[in-house]
Every structure is written in C-alpha cells, then in structure tokens.
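In case you want the letters, here they are:
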Amino acid sequence: AYGVMASDYLSGVAAFTRAGYREQAEDLAELSTKLQVAGEVSAETANQLLIATDKAYGFNGSVTELSSVMDKMTYVDHNYATSVEKIAEGMGIVAPVAAQAHMSVDELIASLGTITAVGRGLYDKNGNRFEIPNVAALDRKSYKKIELYL
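Residues numbered from 1 in each chain as written. Predicted model: local features only at pLDDT ≥ 70, side-chain atom pairs only at ≥ 80, totals over all residues. Heavy atoms only, no water.

Regarding the nonpolar core
Our working rule: To define a nonpolar core, start from buried Ala, Val, Leu, Ile, Met, Phe, Trp, Tyr and Cys residues and group those joined through side-chain atoms within 4.5 Å. Exposure categories follow from relative accessible area, calculated using a 1.4 Å probe and restricted to protein chains: below 20% of the type maximum is buried, above 50% is exposed, and the middle band is partly exposed. Any pair of residues with heavy atoms lying within 4.5 Å of one another is described as a contacting pair.
Residues F16, L35, Y57, M73, M91 and L108 are the most contacted members of the largest nonpolar core, which totals 33 residues. Once residues lying within four places of it in the same chain are set aside, the contact partners of L108 are Y57, M91, V94, A95, A98 and M103.

Digging into helix α2 (residues 25–39)
Convention followed: A helix here means a DSSP run of H or I that spans at least four residues, while a strand means a run of E at least two residues long, and both kinds are numbered starting from the N terminus. Any helix carries an expected span of 1.5 Å times its number of residues minus one.
For α2, with 15 residues, the first-to-last C-alpha span of 20 Å sits near the 21 Å given by 1.5 Å per residue. Listed in full, the buried residues belonging to α2 are A25, L28, A29, L31, S32, T33, L35, Q36 and G39. One or two residues past the end of α2 sits E40, with phi positive at roughly 50°.

Considering unusual backbone geometry
The general pattern is negative phi for most residues beyond glycine and trans for most peptide bonds. Of note, E40 is a non-glycine position whose phi angle comes to about 50°, a positive value. If you trace the backbone, E40 turns up in the loop between α2 and α3 (43–57). The backbone of H102 sits at a positive phi, close to 65°, despite the residue not being glycine. Mapped onto the elements of the fold, H102 is located in the loop between α5 (84–100) and α6 (105–117).

Written out as structure tokens, the structure reads:
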C-alpha cells in the first residue's frame with residue numbers, strides 16, 4: 001500500500017516480534033514501512049532505527065512517540081543536507097548514551113542532523129569513527145568537552 005514490498009512489511013512484523021513488541025508488532029511494522037518511504041531507507045534500517053530509538057528512550061513501543069520521532073527525522077532529511085540514513089547511523093551509535101545523559105530525542109536528532117549535514121559524519125580529527133567511551137562524557141552534571149572535528 002505504501003510502495004514497498006509485502007516481504008518488507010512482514011520482515012518488520014517478525015523483527016518487532018523478536019525484539020519483544022508482540023502486541024505492537026503490526027503497528028510498528030506499518031510505521032517502519034512509512035519510514036522506508038519517507039526516509040528512503042531499507043526495511044532493515046527503518047526497523048533498527050525504530051527499535052534502537054524506542055529502547056534508548058523508553059517509549060515502550062508507543063507508535064505515537066515513534067511516529068513523532070520519524071516525522072522529525074524526515075523533516076530534517078527534507079530540509080537540510082543530510083538524510084534519515086545518516087541520522088539512523090548516528091542514532092545507533094549514540095542514542096543509548098545520549099538518553100542516559102538526559103539529552104532529549106529532539107536534541108539528538110538536531111545534533112545528528114547538524115553533524116551529518118556537513119558531510120563528514122561522526123568522525124574525529126584522525127578519521128576514526130566517533131564513539132563515546134562512557135556515559136560520564138555526556139553527563140551534564142560532570143560535563144567533559146567532546147571535540148568533533150568537522
């Protein structure tokens with residue numbers, strides 16, 4: 001119905017069921033299908049993005065919350081020089097730590113959109129993939145500067 005293959009929808013149902021979303025699996029698979037179309041991403045990327053975001057921010061499979069996140073990501077994709085694919089890559093890396101550091105999902109989307117829009121992605125000055133070594137690095141109570149070289 002959305003211009004994606006039925007197998008992508010069914011793989012979404014299976015992925016969400018395996019991830020523990022038995023009752024929400026069909027609704028989340030439909031949301032994933034919408035994200036695939038709006039964000040021009042694969043079924044695997046859409047499923048992983050929704051699961052990672054939900055787990056990190058404790059939305060408990062809320063289609064309303066995750067739909068809002070999806071809308072914000074696609075807005076950034078359509079209005080800035082980045083993509084849902086790039087934001088998804090960053091989200092998978094930093095969402096759990098960002099959430100533990102009390103960074104809202106909106107702040108994270110804006111940050112990832114900004115970082116990925118400049119074309120370098122999440123890398124340090126030596127070209128190494130950016131990773132946060134521990135939660136304290138982003139904890140606002142004991143904030144330590146993290147330098148990104150863009």
